[in-house]
Amino acid sequence: MEATQILILSLVQGITEFLPISSSGHLVLTPLLFGFDLQSLAFDVSVHVGTLAAVMIYFRKEIVRMTLAVLRSFGTRRLDDPDARLGWMIVIATIPVVLLGLPLKSVLEMLRQDDTLIALVIAGTTIGFGLLLWLADWRGKRSRDEYSLNWRDALFIGSMQAIAIIPGTSRSGITITAGLMLGLDRKATSRFSFLLSIPTIIMAGLLESIDLAQAVEPVDWTALLIGAQFSFLVAYITIHFFLRFIERISMLPFVLYRFLLGGVILFLVL
């Protein structure tokens, strides 16, 4: 891989993984727009490792508190600790991905075989789920925080997340949308979405690593290391500023971007 390709793809992954605009869709579209060869599975794994490290370091204090609280809850068998409750809601919200991830992964593999088809799918999901995000942000009560979630809420958010394997949906976008529909405020639903990304990215990375281990292609370790480091830096900055400004700017800029991106894709394909 050339240095320009490595940096552009790492930048795209670092920005889009945690914004409601679909990282997978951008990783598929970027090579098509810039005329790059489609990046290897190994590179996709490396930039996801970078963004995973970013969210884990950013939320390191919360992760430690939740982990200790969840472990204590085994002894008390109670969820009166808010951190234990939040930790268990993340576990519950991960269940649909475990159950539906592999079946939906086969759909993704089928779509990737046809450039035109996957571009049309990305255009449709980008616009459609962008509209749903706008409606949820407009109609949502925004009166709850992430600690108020119950198991039904967690399963709903997790079920919505499971369909995000389809490019253009956006994992963060669909989980933020689900949280807004449940009455969470913007910052709370974004924080829950980011924390929920940790087990999700870990599982996706493990599945991709298994595929990678079975591949026979040579690995460009320099490209992987640079990609992971640069995506980590960009993702960390993105998380910080997104959470800092989201209550002021609303979801409208991301919705408009999704409409514009979907329209451009349709114009180029049709």
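Just so it is clear, the model here is predicted, and its values are computed rather than measured.

Considering the nonpolar core
Membership of the largest hydrophobic core comes to 40 residues, with the highest contact counts inside it found for Val-55, Phe-192, Phe-194, Phe-242 and Met-251. Of all elements in the fold, only helix 3 (41–58), helix 5 (82–111), helix 6 (115–139), helix 7 (151–162), helix 8 (171–181), helix 9 (186–214), helix 10 (221–249) and helix 11 (252–269) reach the threshold of two or more residues within this core. The biggest single contributor to this core is helix 9, with seven residues.

Considering a nonpolar patch on the surface
A contiguous nonpolar patch, built from Leu-131, Trp-134, Leu-135, Trp-138, Leu-252, Leu-256 and Phe-259 and spanning about 660 Å² of accessible area, is present on the exposed surface. Every element with two or more residues in the nonpolar patch is listed here: helix 6 and helix 11. Sorting elements by how many residues they give to the nonpolar patch places helix 6 first, with four residues. Note on placement: Leu-256 falls in helix 11. Judged by its relative accessible area of 49%, Leu-256 falls in the partly exposed class.

Structural notes on the pattern of salt bridges
This structure, assessed with the given rule, holds eight salt bridges. With a shortest N-O distance of 3.4 Å, Arg-72 and Asp-81 are connected by a salt bridge. For Asp-81, a relative accessible area of 24% corresponds to the partly exposed category. Here Arg-186 makes a salt bridge to Asp-137, at a shortest N to O gap of 2.8 Å. Within this pair, whereas Arg-186 is found in helix 9, its partner Asp-137 is found in helix 6, the two being separated by 49 residues in sequence. Connected through shared salt-bridge partners, Glu-62, Glu-146 and Arg-191 make up one network.

Thoughts on the UniProt feature "transmembrane region" (unreviewed entry) in the chain
The UniProt record annotates "transmembrane region" (unreviewed entry) at residues 38–59, 86–104, 116–136, 192–210, 222–243 and 250–269. Helix makes up 100% of residues 192–210 and strand 0%, with an end-to-end C-alpha separation of 28 Å.

Some details on helix 10
One turn of the α-helix equals 3.6 residues, which is why residues spaced by three or four share an orientation. An ideal rise of 1.5 Å per residue puts 42 Å on 29 residues; helix 10 measures up with 39 Å between its terminal C-alpha atoms. At Leu-243, helix 10 shows its maximal bend, which comes to roughly 35°. Taken together, the buried positions of helix 10 are occupied by Ala-223, Leu-224, Gly-227, Ala-228, Ser-231, Val-234, Ala-235, Thr-238, Ile-239, Phe-242, Leu-243 and Ile-246. Just past helix 10, the residue Ser-250 takes up positive phi, approximately 65°.

Considerations on the layout of surface pockets
The computed volume of the second largest pocket comes to approximately 370 Å³. Looking at the second largest pocket, it is lined by 16 residues, and the ones nearest its centre are Gln-39, Ser-40, Leu-41, Glu-217 and Pro-218. The element that contributes the greatest number of residues to the lining of the second largest pocket is helix 3, accounting for three residues. In the lining of the second largest pocket, the residues fall into ten nonpolar, three polar and three charged.

Definitions and limits used
- Residues numbered from 1 in each chain as written.
- Predicted model: local features only at pLDDT ≥ 70, side-chain atom pairs only at ≥ 80, totals over all residues.
- Heavy atoms only, no water.
- Core = buried A, V, L, I, M, F, W, Y, C linked by side-chain atoms within 4.5 Å.
- Buried < 20%, exposed > 50% of the residue type's maximum accessible area, 1.4 Å probe, protein only.
- Helix = DSSP H or I, 4+ residues; strand = E, 2+ residues; numbered from the N terminus.
- Patch = residues over 30% accessible without salt bridge, like charges linked within 9 Å, V, L, I, M, F, W, Y side chains within 5 Å.
- Areas by Shrake-Rupley, 256 points an atom, 1.4 Å probe, with all protein chains shown as cover.
- Salt bridge = Lys/Arg side-chain N within 4 Å of Asp/Glu carboxyl O.
- UniProt positions renumbered as here; feature names shortened; annotations may be inferred.
- Expected span 1.5 Å × (residues − 1).
- Bend = angle between axes of the 7 residues up to and from the residue.
- 1 Å grid on protein atoms, 1.4 Å probe; cavity = no way out; pocket = protein on both sides within 12 Å on 5 of 7 lines; lining within 4 Å.
- Points joined across faces, edges and corners; volume = space filled by probe spheres on them.
- Nonpolar A, V, L, I, M, F, W, Y, C, P; charged D, E, K, R; others polar.

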